[in-house]
Amino acid sequence: MSRRHFAVGTAALSAAALADAFLIEPTAIDVSRHVVAVPGLPPGLEGVRVACLTDVHLAGGVTPAARAALEVLARERPDVVVLVGDICNAQDDLPLLAAWARQARGTAATFATLGNWEHAAGIDRRKAERAYGAAGVELLYNSAGRVTVRGATLRFVGLDDPVIGRPDPAAALSEVQTSDPVVWVLHAPGYVDGIARDRYPVPAAILAGHTHGGQIRLPFWTPYTPTGSGRFVAGWYRDTFAPLYVSRGIGTIEMRARLFCPPELPIFTLKGG
């Protein structure tokens, strides 16, 4: 291959990568599907589906990716939706968050937690509860939510953001019965590695985000994940306190681009263990 042909080919590949990163991947939501086995799951909860949305990063308007996520939810109609932090970027975005979250609700319940961006923007518990409450969404702030499906109860334990906030699992679990099927949700997954394995009842799963899956990746290499990610990037990790799933999230930060890392909306189906 001549030097000229090599240069032309390199330029073409670069242009294709840029087009993919800025025009295609940011809205090409990957709906990943997972089965979570829960020992002793009540029959009424068999087949319950939980959709996890993280890192939407609403900022001054609803992004194409955020709109695409609503289209997925309208089509899938999950029983429960959990909004696991970094849903908006600033206090000025709270009315936008309320309007968007009103359309992002599950058929049975919707829960939310705070992420580092909300904390950094000065969105405290009271402000977040008011905004989410207007949308019919329950904020979990070191607390546990309850959803009843076909007469059976499922609990969601939501922790405050580990990067800037103060997660308190003991407070969140104070009203949860050990016999209740439980799913934990928190924003930054690095915190999970610090949870003692014998300190709390093991939940069916822990759902997290924060990492964006790296957002801009190269094959077999993730150059960057934000503080609080720990060793986690994306997908299942089963060598932790409980099975941990880290979503790549919906939105982007710094630049509206993704490469080898499309946005993700995971849906988890509960099955008896």
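Described in the following lines is the structure provided in the data block.

What counts, and where the lines are drawn
Residues numbered from 1 in each chain as written. Predicted model: local features only at pLDDT ≥ 70, side-chain atom pairs only at ≥ 80, totals over all residues. Heavy atoms only, no water. Helix = DSSP H or I, 4+ residues; strand = E, 2+ residues; numbered from the N terminus. Polar contact = N/O pair within 3.5 Å; in protein donor to acceptor, adjacent residues only side chain to side chain. Contact = heavy atoms within 4.5 Å. Pairing = 2+ DSSP bridges. Expected span 1.5 Å × (residues − 1). Buried < 20%, exposed > 50% of the residue type's maximum accessible area, 1.4 Å probe, protein only. Phe/Tyr/Trp six-rings, centres within 6.5 Å; stacked < 30°, edge-to-face > 60°. Lys NZ or Arg CZ within 6 Å of the ring centre and 35° of its normal. Core = buried A, V, L, I, M, F, W, Y, C linked by side-chain atoms within 4.5 Å.

## Looking at the side chain of N116
Structurally, N116 is set in helix α4 (residues 116-120). A polar side-chain atom of N116 sits 3.2 Å from a polar atom in the side chain of H187. Once residues within four sequence positions are removed from consideration, N116 is found in contact with D86, D161, V163, I164, H187 and H210.

## Digging into the sheet that holds strand β3 (residues 80-84)
Judged by pairing direction, the sheet is mixed, and its 6 strands sit side by side in the order β1-β12-β2-β3-β4-β5 without closing on themselves. Edge positions in the sheet fall to β1 (33-38) and β5 (138-139), since each of these pairs with one other strand and no more. Where β3 lies against strand β4 (residues 109-113), 5 bridges are found, and the strand directions are parallel. If you follow V80 over to β4, its bridge partner there is A109.

## Quick word on helix α2 (residues 64-76)
For α2, which comprises 13 residues, the first-to-last C-alpha distance of 18 Å matches the rise-based estimate of 18 Å (1.5 Å per residue) to within 8%. The set of residues buried in α2 consists of A65, A66, A68, A69, L70, V72, L73 and E76. Turning to α2, the residues buried within the fold contact β1, β2 (49-53), β3, α3 (94-102) and β12 (267-272).

## A word on the side chain of N89
With respect to the secondary-structure elements, N89 resides in the loop between β3 and α3. On the basis of relative accessibility, which here comes to 18%, the residue N89 falls in the buried class. Reaching out from N89, the side chain makes a polar contact with the side chain of H57 at a distance of 2.8 Å. Other than its neighbours up to four places away in sequence, N89 contacts H57, L58, A59, W117 and A121.

## A look at unusual backbone geometry
With a phi angle near 50°, R150 is a residue other than glycine that sits in the positive phi range. Along the chain, the position of R150 falls in the loop between β6 (143-149) and β7 (152-158). One non-glycine residue with positive phi stands out, namely H212, at about 60°. Inspection of the secondary structure puts H212 in the loop between β9 (205-208) and β10 (235-237). Classification of H212 by relative accessible area gives buried; the value is 3%.

## Focus: the packing of aromatic side chains
Evaluated as defined, the whole model comprises 7 aromatic pairs. Taking the centre distance of 5.9 Å and the plane angle of 85° together, the rings of W236 and F268 count as edge-to-face. You can see W236 sitting in strand β10 and its partner F268 sitting in strand β12, a full 32 residues away along the chain. The partly exposed category is assigned to W236, whose relative accessible area is 24%. Residue classification places F268 among the buried residues on the basis of a relative accessible area of 3%. In textbook terms, an aromatic cluster arises when at least three aromatic residues are bridged by ring pairs, as seen for W184, Y200 and F241. The ring of W236 is capped by R238, whose NZ or CZ atom sits 4.3 Å from the centre of that ring.

## A look at the nonpolar core
Note that soluble globular proteins tend to have their nonpolar side chains buried in a common cluster. Within the largest apolar cluster, 35 residues are counted, with the highest numbers of intra-cluster contacts made by L53, L83, W100, Y132 and L265. At the level of elements, β2, α2, β3, α3 and α5 (125-134) are the ones that each hand at least two residues to this core. V38, V80, A109 and L270 belong to the second-largest nonpolar core, a separate cluster that totals 26 residues.

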